[in-house]
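If you want the building blocks of each chain, they are given just below.
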Amino acid sequence: LLEQVHELADRRIRALVLNLLPTQPEFALPLALSRAALADVLAGLALIQETVRARRVLVVIDRHDHHLHTLGKRPSPVPPSPLSTTPAAGSPRGLSFRLVTLLNKYPQAHHTILLRSLFGKKVEPLMLPTAANRVVVDPVTCWALGRTTRLHAPFTERPVQVFLRTEKRDVAPRVVMATLGETVETFLERCGIAVTERVPHAFPA
């Protein structure tokens, strides 16, 4: 987001896009945040819109996500967020958005494919969405901004997704809160995740 805002200069952005599509088939973080902390996500989106002042705001979801389909039919109230300590009010005032559903086939969630599907704009892989006069944001960024604004609290933790693989089976991904700066060992111990075997990784010099 910072790189995109830096590239904006004085240009008027045509669209602000909140991308709730999972970047990988097993990636559950967008869905988890949109269900558990929707009020914070929308509050952060409203704050970004106040900054970039895009001509329109789009919220893109998976066509098969029937839970979020109702978001476009009810601008308020927003479900309360169990990740926040204050009750959620309604949708942020002044935030008007259009819900867009796409069939999420990998790599549809990548901004180059997303902009092509939404607007017919071709952007090179190393280029930012601002090259097409658009800004694309992810749910974690919106959640962080919205939660910090609503709670007036410092940004000291963020949600992460944990994948575990054992010899017998793969464990379902878990979305948990991680404290910024803590070690992996501390994080796993605090979440009650036991890791008995480690696979060493060799990095080139």
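What this report covers is the structure whose coordinates are included nearby. (Residues numbered from 1 in each chain as written. Predicted model: local features only at pLDDT ≥ 70, side-chain atom pairs only at ≥ 80, totals over all residues. Heavy atoms only, no water.)

### Comments concerning helix H3 (residues 38–52)
Rules: Segments assigned H or I by DSSP are reported as helices when at least four residues long, segments assigned E as strands when at least two residues long, and all are numbered from the N terminus. In a helix, the anticipated span is given by 1.5 Å times the number of residues less one. Only protein chains enter the accessibility calculation, which uses a 1.4 Å probe; a residue whose area is less than 20% of its type maximum is buried, one above 50% is exposed, and one in between is partly exposed. Throughout, a contact is declared for two residues whenever any of their heavy atoms are within 4.5 Å.
Counted at 1.5 Å a residue, the expected span for H3 with its 15 residues is 21 Å, and the 21 Å between its end C-alpha atoms agrees. Burial of H3 is extensive: 12 of the 15 residues sit out of reach of the surface. Looking only at H3, the buried set comprises Leu38, Ala39, Asp40, Val41, Leu42, Ala43, Gly44, Leu45, Ala46, Ile48, Gln49 and Val52. Considering only its buried residues, H3 is in contact with helix H1 (2–8), strand E1 (15–19), helix H2 (29–36), strand E2 (56–62), strand E4 (134–137) and helix H6 (139–151). Immediately downstream of H3, the backbone of Arg53 shows phi near 50°, a positive value.

### Focus: the side chain of Asn133
Put simply, the rule reads: Residues adjacent in sequence count toward polar contacts only when both atoms are side-chain atoms; beyond that, a polar contact is any pair of N or O atoms within 3.5 Å, and within protein one must be able to donate a hydrogen and the other to accept it.
In this fold, Asn133 is placed in the loop between helix H5 (111–119) and E4. Overall, Asn133 belongs to the buried group, its relative accessible area being 18%. A distance of 3.2 Å separates a polar side-chain atom of Asn133 from the backbone oxygen of Arg12.

### Looking at the packing of H2 against H6
Rules: Axis definition: a line fit to C-alpha positions, over the contact stretch in the case of helices; interaxial angles, taken between N-to-C directions, run 0 to 180 degrees. Should the near helix be turned anticlockwise from the far one by less than a right angle, the crossing is termed left-handed; should it be turned clockwise, right-handed. Put simply, Ala, Val, Leu, Ile, Met, Phe, Trp, Tyr, Cys and Pro go in the nonpolar bin, Asp, Glu, Lys and Arg in the charged bin, and everything else, Gly too, in the polar bin.
For the pair H2 and H6, the least separation of the axes is 9 Å and the interaxial angle reads 35°. Note that H2 runs across H6; the crossing there is left-handed. The segment H2 lies against H6, with Leu29, Pro30 and Leu33 engaging Pro139, Val140 and Trp143. The class makeup of the residues in the contact of H2 with H6 is 6 nonpolar, no polar and no charged.

Keep in mind that these numbers describe shape and distance, not what the molecule does.
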